[in-house]
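Structural overview
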Amino acid sequence: MGKLLIVGTVAFDEIETPFGKTDRILGGAATFIGLAASQFDIESAIVSVVGDDMPQDYLDLLVKKNIDISGIEVVRGGKTFYWKGKYHNDLNSRETLVTELNTLSDFKPVVPTEFKDADVVMLGNLHPEIQMSVIEQMNQRPKFIILDTMNFWMDHALTELINVIEHVDVLTINDEEARQLTEEYSLVKAAEEIHKMGPEYVVIKKGEHGALLFHKEQIFFAPALPLEEVFDPTGAGDTFAGGFAGYLAASDNMSFNNLKSAVIHGSNLASFCVERFGTKRMESLKKEELEKRLHQFKALTQFDIELT
Ligand code: AMP
């Protein structure tokens, strides 16, 4: 069985969308990645940190999904990472209102011994030095390292971010962030620049407009499923990454063709995430629902055309 190691935030999120707002609820990059990856037949573990203000129920939820949480440090008297965001009417633009690093500020990650030989490492969004430290603790170089990041770390730790990007196989990033990182408006040129920084593959996420996979001269595009209900896009990018990484860990095939399937699985999972606030939809998601929507994805993108 493939092993997936996940690093990222386990957080409190407070979210406002045109459809309502939440109190502090469970969020965080590693949480969304873990929930998505738990849909595949793999062993997975999260490396993260929380304060003792994190309700046990939230941690139990991850355990119930078969995620090893021995790598989540609970700091006595510490406060959990907190993020507050607001979406505007089109749900595509989001404003970060508050980011409190709290226990994340001086977190030293410890990879559980049983996961030092993980096949796939998914470096979810957090400080690039923490991401690097996880790579350094592995027994050997994992078969595949995937990195996700966001503008916050480009603004606050660019040198460290560029350093860790050099060591990974795939960078997943959204379109705006790809432009910020490379100073290229064209996403094709941005992907070229990112290839030069190290990663052999680049995935550029475009929210409700799908995702692009780049591998040298090859490009693959997966649409996002047009949905009737979109409540809260928070975590969609992480859910995509979790589906992508979970599928690769389960299938143990890192070819371009298989990465295309991974992008579809990631997009499929993300399409569910946005249907409810926070992690709610991912908590109840069934394999049969995923399977059904995969058929819709296939139908959406298939066409016959005669070419000479
Ligand atoms: P996404 O919508 O997939 O881009 O990610 C949303 C999640 O990222 C939320 O659950 C937040 O807790 C988490 N998050 C927000 N800002 C940061 C940050 N600077 N570092 C790590 N995680 C973050």
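Residues numbered from 1 in each chain as written. Predicted model: local features only at pLDDT ≥ 70, side-chain atom pairs only at ≥ 80, totals over all residues. Heavy atoms only, no water.

**What about the environment of Leu 181?**
In this structure, Leu 181 sits in helix 6 (residues 175-182). A C-alpha to C-alpha distance of 9.3 Å links Leu 181 and Ile 162, two positions 19 residues apart in sequence. (Helix = DSSP H or I, 4+ residues; strand = E, 2+ residues; numbered from the N terminus.)

**Considerations on the packing of aromatic side chains**
Any pair of aromatic rings gets described here by the distance separating the centres and the angle formed by the planes. Scanning all chains against the criterion turns up six aromatic pairs. When the ring of Phe 19 is compared with that of Phe 231, the centres are 5.4 Å apart and the planes differ by 70°; the resulting orientation is edge-to-face. Placement of the pair is Phe 19 in the loop between strand 2 (11-17) and strand 3 (20-21) and Phe 231 in the loop between strand 14 (218-222) and helix 8 (236-251), with a sequence separation of 212 residues. Arranged with centres 6.1 Å apart and planes meeting at 15°, the rings of Phe 240 and Phe 244 form a pair that is stacked. On the criterion of helical spacing, the pair formed by Phe 240 and Phe 244 is a turn pair, its members being four residues apart in helix 8. Each member of the pair, Phe 240 as well as Phe 244, carries the same accessibility label: buried. Through successive ring pairs, a cluster of aromatic residues spans Phe 19, Phe 231 and Phe 277. Here Lys 3 stacks its cationic end above the ring of Phe 115, 5.4 Å away from the centre of that ring. (Phe/Tyr/Trp six-rings, centres within 6.5 Å; stacked < 30°, edge-to-face > 60°. Buried < 20%, exposed > 50% of the residue type's maximum accessible area, 1.4 Å probe, protein only. Lys NZ or Arg CZ within 6 Å of the ring centre and 35° of its normal.)

**Remarks on the site of the ligand**
Lining the immediate environment of the ligand, one finds 19 residues, of which Asp 13, Gly 28, Arg 94, Gly 235 and Asp 238 sit closest. Within the side chain of Thr 9, one N or O atom sits 3.0 Å away from a nitrogen atom of the ligand. Gly 28 places a main-chain nitrogen or oxygen 2.7 Å from an oxygen atom of the ligand. In the complex, 93% of the free accessible area of the ligand, which totals 510 Å², lies under the protein chains. If one sorts the elements of the shell around the ligand by residue count, helix 8 sits on top with three residues. (Near = heavy atom within 4 Å. Polar contact = N/O pair within 3.5 Å; in protein donor to acceptor, adjacent residues only side chain to side chain. Areas by Shrake-Rupley, 256 points an atom, 1.4 Å probe, with all protein chains shown as cover.)

**Concerning the sheet that holds strand 12 (residues 201-205)**
The mixed open sheet is built from nine strands, whose spatial order is 6-5-1-9-10-11-12-13-14. Two strands bound the open sheet, and with one partner strand each, they are strand 6 (67-75) and strand 14. Across this sheet, the average inter-strand angle for adjacent strands is 15°, counted without regard to direction. Inspection of the sheet shows strand 1 (residues 3-7) paired to strand 5 (residues 43-51) by five bridges, in the parallel sense. What sits directly across from Leu 5, in strand 5, is Ala 45. Contacts from helix 2 (residues 56-64) reach strand 5 and strand 6, with the element oriented near 160° to strand 6. Of the strands in this sheet, strand 1, strand 9 (120-123) and strand 10 (144-148) touch helix 3 (residues 128-137), which is tilted by about 165° from strand 9. (Pairing = 2+ DSSP bridges. Axes fitted to C-alpha atoms, helices over the stretch in contact; angles between N-to-C directions. Contact = heavy atoms within 4.5 Å.)

**A closer look at the environment of Asp 13**
Positionally, Asp 13 belongs in strand 2. Between the C-alpha atoms of Asp 13 and Gly 278, which are 265 residues apart in sequence, the distance is 7.9 Å. Each residue touching Asp 13, except ones within four places of it in the same chain, is listed here: Thr 22, Asp 23, Arg 24, Ile 25, Gly 27, Gly 28, Phe 32, Trp 83 and Thr 234.

**Examining the pairing of strand 1**
Regular strands place their side chains on alternate faces of the sheet. Of all five residues that make up strand 1, five are buried, and the element is covered over most of its length. Burial of the side chains of strand 1 extends over both faces: Lys 3, Leu 5 and Val 7 are buried on one face and Leu 4 and Ile 6 on the other. Of the strand pairs in this sheet, strand 1 and strand 9 are connected by four bridges, and their pairing is parallel. Its bridge partner being in strand 9, Leu 5 is matched across the sheet by Val 121.

**A closer look at unusual backbone geometry**
Even without glycine at this site, Glu 183 takes up a positive phi of about 60°. Here Glu 183 shows up in the loop between helix 6 and helix 7 (187-197). Given the relative accessible area of 73%, Glu 183 is considered exposed. The phi angle at Lys 216 is positive, at roughly 50°, despite the residue not being glycine. A relative accessible area of 54% means that Lys 216 is categorised as exposed.

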